Amino acid sequence: MLYTALFFGLVSSLHCMGMCGPIAFMLPVSHDRPALKAVQIMTYHMGRLLSYGLIGLLFGFFGRGLALAGMQQDLSIFTGIAILIIVLLPTKIVAGYTSSGPIYKAVATVKSGLGKHFKKKSFGSLFLIGFLNGLLPCAMVYAALFGALSMQTAGGGALYMMVFGLGTIPLMSAVVYMHNLVSSPMRNTFRKIVPIAATVIGILFICRGLGLAIPFVSPSEMSLMVQAVPECR
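Rules of the game
- Residues numbered from 1 in each chain as written.
- Predicted model: local features only at pLDDT ≥ 70, side-chain atom pairs only at ≥ 80, totals over all residues.
- Heavy atoms only, no water.
- Helix = DSSP H or I, 4+ residues; strand = E, 2+ residues; numbered from the N terminus.
- Buried < 20%, exposed > 50% of the residue type's maximum accessible area, 1.4 Å probe, protein only.
- Contact = heavy atoms within 4.5 Å.
- pLDDT = per-residue confidence, 0-100.
- Core = buried A, V, L, I, M, F, W, Y, C linked by side-chain atoms within 4.5 Å.
- Expected span 1.5 Å × (residues − 1).
- Bend = angle between axes of the 7 residues up to and from the residue.
- Axes fitted to C-alpha atoms, helices over the stretch in contact; angles between N-to-C directions.
- Parallel < 35°, antiparallel > 145°, perpendicular 65-115°, else oblique.
- Nonpolar A, V, L, I, M, F, W, Y, C, P; charged D, E, K, R; others polar.

Chemist: Run through the overall build of the protein chain, naming residues and quoting values.
Modeler: Per the secondary structure count, the protein chain includes 11 helices and 0 strands. Starting at the N terminus and walking to the C terminus, you meet the elements of the protein chain as α-α-α-α-α-α-α-α-α-α-α. Looking at the protein chain as a whole, 45% of its 233 residues qualify as buried. A separation threshold of at least 6 residues defines the contact pool for the protein chain, and within that pool the share at least 24 residues apart is 80%.

Chemist: Any details on the confidence of the model for the protein chain? Residues and values, ideally.
Modeler: Mean pLDDT for the protein chain: 76, with 71% of residues reaching 70 or above. The least confident element of the protein chain is helix α11 (residues 221–228), whose mean pLDDT is 46; the most confident is helix α3 (residues 34–68), at 89. With pLDDT under 50 throughout, residues 222–233 is counted as low confidence; its partners more than four residues away or in other chains account for 10 contacts.

Chemist: Give a description of the nonpolar core that names residues and reports values.
Modeler: Ranked by internal contacts, the top residues of the largest apolar core, which has 26 residues, are Phe8, Met140, Val141, Met161 and Phe164. Elements represented by at least two residues in this core include exactly α1 (2–19), α4 (72–88), α8 (139–149), α9 (154–178) and α10 (184–210). Sorting elements by how many residues they give to this core places α8 first, with 7 residues. In this structure, valine 141 is in contact with Tyr52, Met161 and Phe164, ignoring residues within four places of it in sequence. Counting 16 residues, the second-largest nonpolar core is a separate cluster that includes Leu27, Val110, Ile129 and Val175.

Chemist: Residues and numbers for α9, please.
Modeler: Taking 1.5 Å per residue, 25 residues should reach 36 Å; α9 reaches 37 Å between its end C-alpha atoms and fits that length. The largest bend along α9 reaches roughly 40 degrees and is located at isoleucine 169, with the proline proline 170 sitting one to four residues downstream.

Chemist: Run through the packing of α4 against α8, naming residues and quoting values.
Modeler: Following both chains from N to C, one finds α4 and α8 inclined at 175 degrees, their axes separated by 9 Å at the closest point. With respect to α8, the element α4 is oriented roughly antiparallel. Along its contact with α4, which presents Leu75, Phe78, Thr79, Ala82, Ile83, Ile86 and Val87, the element α8 presents Ala139, Met140, Tyr142, Ala143, Phe146, Gly147 and Leu149. Within the contact of α4 with α8, the residues separate by chemical class into 12 nonpolar, 2 polar and no charged.

Pasting the structure below:
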């Protein structure tokens, strides 16, 4: 299901252009040295990829425990349903959840760290901006994490989230170069596409869990069982 991670990342970046776009606009990069600017932008993205990978590692570890308990099909169906719920939930509800109690304090700490590093132009600061950016609340990241959970291994979860991050790089890089060309109406149009694509991904995970014997989309129940059981030698 790694292809869903890449597709999800590409689509989610349409959402990111509106939500995380301001961070990309403010990156302390060199605007008069194109080669240096490109390296600085990639340094920022490497920080995001590491952040996503570490969170994916944790969710993949939990997914492994559920898979070993024989819940791999149920896990895939649960993942699909969770993605659909997250996508269909009003933005205000998600924002309200992240603005409460300990979560609010954690987000405030992350934003404070971002503010400090925006004042610097070192590669270390750009990397940390990317890393902290990856920790900010985002409905699309939440949805992708359920995909990492369904990978059933810690390494698989980390890989899923890093591939998701790779999918966001093209558009998030373009924002840095063409932020003056991305108008608010255009960003709003992009955001309308995201729920449709995310819904398709959620349905794919549900189909996978149903074991409909459709190659590459919904392998049979037996195939899922074989994938989840490690070989003993």
